[in-house]
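Listed below, chain by chain, are the residues.
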Amino acid sequence: MNIEEEIKQPVFRSPHQKAYINLVYTAGWVEQQQSGQFKPFGVSLPQYNILRILRGQYPKPATVSMLIERMLDKTSNASRIVDKLVAKELVTRQQCPNDRRTVDVLITDKGLALLKQMDELEGGKGTGITNLSEEEALQLSKLLDKVRGSLIV
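Calculation notes
Residues numbered from 1 in each chain as written. Predicted model: local features only at pLDDT ≥ 70, side-chain atom pairs only at ≥ 80, totals over all residues. Heavy atoms only, no water. Pairing = 2+ DSSP bridges. Helix = DSSP H or I, 4+ residues; strand = E, 2+ residues; numbered from the N terminus. Contact = heavy atoms within 4.5 Å. Axes fitted to C-alpha atoms, helices over the stretch in contact; angles between N-to-C directions. Buried < 20%, exposed > 50% of the residue type's maximum accessible area, 1.4 Å probe, protein only. Core = buried A, V, L, I, M, F, W, Y, C linked by side-chain atoms within 4.5 Å.

K.L.:
Where do I start with the sheet that holds strand β2 (residues 91–95) in this structure?
P.N.:
Sheets are built from strands that pair by backbone hydrogen bonding, the pairs being arranged parallel or antiparallel. Taken in spatial order, the three strands line up as β1-β3-β2 in an open sheet, and their pairing is antiparallel. Both outer strands of the open sheet, β1 (62–63) and β2, are each paired with one neighbouring strand and no more. Running over the sheet, helix α5 (residues 78–87) touches β2 and β3 (103–107) and is turned about 115 degrees from β2.

K.L.:
Quick question: what am I supposed to make of the environment of Ile50 here?
P.N.:
Along the chain, Ile50 falls in helix α3 (residues 45–57). Relative accessible area serves as the criterion here: at 0%, Ile50 is assigned to the buried category. A sequence separation of 55 residues divides Ile50 from Val105, and the C-alpha atoms of the two residues are 10.0 Å apart.

K.L.:
When you look at the nonpolar core in this model, what are you seeing that I'm missing?
P.N.:
Inside soluble globular proteins, nonpolar side chains tend to come together where they are buried. Within the largest apolar cluster, 24 residues are counted, with the highest numbers of intra-cluster contacts made by Val43, Ile50, Leu51, Leu54 and Leu67. Those elements giving two or more residues to this core turn out to be α3, α4 (64–70), α5, β3 and α6 (109–118). Take this core: its biggest share by element is five residues, from α3. Discounting residues that sit within four places of it in the chain, Val43 has contacts with Phe38, Tyr48, Leu51, Lys88, Leu90, Leu114 and Met118.

Functional significance is not addressed by these values, which are geometric in nature.
Printed below as a string of structure tokens:
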């Protein structure tokens, strides 16, 4: 279904407005699809993101500030997410021996095992992104990079 049908808006002021609305709508739709896929595993999208970052660091720990830098959703509260993952025994948190102001976060064997179960979801399976050919996926990535690169900060 195209964006006009999805939001019941047959006309847009410009192709840029249509693209923007389509981008925002689709981002929300993909996030809903992922949330539904993650629910049986008992983790949220931000929790999954932190677990993936920690798996990439493994066996080295990561600091909370490093997690914040690398998270996909910069508005997420990384400390609170780590607290929830500690409660689920998916990560451990220890004071850094070299810097007492820093906390080291490390993924546990249980966290690694959970990600192994979730690996089939890697690459957006079940979110519609696999409806694109590899060439289309690369083109979409380049276009999204271009959108972000044009921002003046």
